[in-house]
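Each chain, letter by letter, is given below.
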Amino acid sequence: MAVVLPLAFDPAQAQTRTELLDRLVRAYPEALSGHDGKQIFWRDGTAMPVDDGIEDKSFEQRLRGASILDQLRLPYPLGASAAPAANADPGRFRNEAFFRKMYGDCHTGAVQRNLVTITWLPRSWGKAVQVTRINGVADRLKEVSADIDKLEPAIKAAAFPIAGVLSCRPVADTGKMSMHGYAAAIDLNLRYSDYWLWAGRGKSIPYKNRMPQAIVDIFERHGFIWGGKWYHYDTMHFEYRPELLAR
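Residues numbered from 1 in each chain as written. Predicted model: local features only at pLDDT ≥ 70, side-chain atom pairs only at ≥ 80, totals over all residues. Heavy atoms only, no water.

Draft legend 1. Seen up close, the pattern of salt bridges. Applying the stated criterion to the full structure yields 18 salt bridges. When the shortest N-O distance is used, the salt bridge between arginine 94 and glutamate 239 registers 2.7 Å. Here arginine 94, found in the loop between α2 (59-64) and α3 (96-103), pairs with glutamate 239, found in strand β8 (residues 237-240); they are 145 residues apart in sequence, far enough to count as distant. The class of arginine 94 is buried, set by a relative accessible area of 12%. Overall, the relative accessible area of 0% leaves glutamate 239 in the buried class. (Salt bridge = Lys/Arg side-chain N within 4 Å of Asp/Glu carboxyl O. Helix = DSSP H or I, 4+ residues; strand = E, 2+ residues; numbered from the N terminus. Buried < 20%, exposed > 50% of the residue type's maximum accessible area, 1.4 Å probe, protein only.)

Draft legend 2. Highlighting the sheet that holds strand β2 (residues 39-42). Pairing within the open sheet is antiparallel, and its three strands lie in the order β1-β2-β3. Each of the sheet's edge strands pairs with one partner strand only, and the pair in question is β1 (32-35) and β3 (47-49). In this sheet, neighbouring strand axes are inclined to one another by 25 degrees on average, regardless of whether the strands run parallel or antiparallel. Pairing between β1 and β2: three bridges, direction antiparallel. Pairing of leucine 32 across the sheet is with tryptophan 42, part of β2. Contacts from helix α1 (residues 17-27) reach β1 and β2, with the element oriented near 170 degrees to β1. Against the sheet, α3 touches β1, β2 and β3, its axis set at about 10 degrees to β2. (Pairing = 2+ DSSP bridges. Axes fitted to C-alpha atoms, helices over the stretch in contact; angles between N-to-C directions. Contact = heavy atoms within 4.5 Å.)

Draft legend 3. Quick peek at the nonpolar core. Counting 60 residues, the largest nonpolar core has Tyr28, Phe98, Tyr103, Trp120 and Phe219 as the members making the most contacts within it. Those residues within four positions of phenylalanine 98 in sequence are excluded, and the remaining contacts are Leu24, Tyr28, Leu32, Ile40, Trp42, Met48, Ile68 and Gln71. (Core = buried A, V, L, I, M, F, W, Y, C linked by side-chain atoms within 4.5 Å.)

Draft legend 4. Quick look at the state of the cysteines. Under the criterion given, the structure shown has one disulfide. Here cysteine 106 engages in a disulfide with cysteine 168; their sulfurs sit 2.0 Å apart. Looking down the S-S bond of the cysteine 106 and cysteine 168 bridge, the torsion is 75 degrees, so its handedness is right-handed. In this pair, cysteine 106 sits in the loop between α3 and β4 (115-120) while cysteine 168 sits in the loop between α5 (153-156) and β6 (185-187), placing the two residues 62 residues apart along the sequence. Given the relative accessible area of 32%, cysteine 168 is considered partly exposed. (Disulfide = S-S within 2.5 Å.)

Draft legend 5. Main features of the packing of helix α4 (residues 137-148) against helix α6 (residues 213-221). Here α4 crosses α6 at 150 degrees, and the two axes come no closer than 9 Å. Here α4 lies roughly antiparallel to α6, going by the angle between them. Taken as a pair, α4 and α6 cross one another with a handedness that is right-handed. Across the interface between the two elements, Leu141, Val144, Asp147 and Ile148 of α4 pack against Ile215, Ile218, Phe219 and Arg221 of α6. For the contact of α4 with α6, the per-class residue count stands at six nonpolar, no polar and two charged. (Parallel < 35°, antiparallel > 145°, perpendicular 65-115°, else oblique. Left-handed = near helix turned anticlockwise from the far one by under 90°. Nonpolar A, V, L, I, M, F, W, Y, C, P; charged D, E, K, R; others polar.)

Draft legend 6. Seen up close, the sheet that holds β8. Taken in spatial order, the three strands line up as β6-β8-β7 in an open sheet, and their pairing is antiparallel. Across the chains shown, the open sheet's two edge strands, defined by having one partner strand only, are β6 and β7 (224-226). This sheet shows a mean twist of 20 degrees between the axes of neighbouring strands, independent of strand direction. Where β6 meets β8, three bridges bridge the pair, whose relative direction is antiparallel. Bridging from a neighbouring strand, alanine 185 pairs with glutamate 239 of β8.

Structure (C-alpha cells):
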C-alpha cells in the first residue's frame, strides 16, 4: 500500500506555505527575488508555480514528481539524530525544473560553464575538484574543506579520497537528475560509506552509518544536507540545500 505523506510538518515544526517559501527565497538570494504564495519569481523576470495542485501524493509520487513545495515539506533534523523513520527522506524530493533553471542542464554543457576549481583538503589530500560557482557553492565547499582539514586524522580520513562531484546522471531508484548533475553535491570516501541499495530491497531497510558526526556538522554549518539522514540513506553524499537548514 502506498504511504501518503503529510501535507505539512508535524505540529511541533509546522510552518505555513508562506513561511516555507520565504525560507526558499532567503536561501537562494542570487536566483530568487520573491514569491506570492502561488509562484516563485526569478531574478531574470520569470515565474514558476510552487504547487501542482495534486493532493495526497504517495511517497513514490513525490519522489518522482515533486513540486517546489513538496521538496520543502519534510523537516531536516540538524545535528546528531536518531535513525530515520520509514520514508523520512528530507531533501530527496527535488523539483527538476527548479534545479535545472538554477544550475543549468548538464546535458547541454550549461552546468559545465559554471564550474570552478577548488582544492579539497589542501593539508591532507590536496587534489583539484570542480564544483559549480552558482549560489556560492564552490565558496561554501572551500569553507567545508578548511574546517575538515583541521580535524583529527582518524576523523577526516572519511573525507578523502572523494568519490566525485559532477556526474551527469539520474538517481538510481528514481530516474530523476541527481544533485551531482548540477555539481552541487559531493560524495566522500567510499570506504567509509553505506548506501541503502547495498542492503538489498527488503520490507525494511536496516540503517548503517560510519561517517563521523564531526564531518556532518561541518557540512550542515555551511548549507549542505547529509544523505545519512534519509531512510533511503547514502552516507557519503552531501548536497547544497540551504533552504532545508534555515530555521
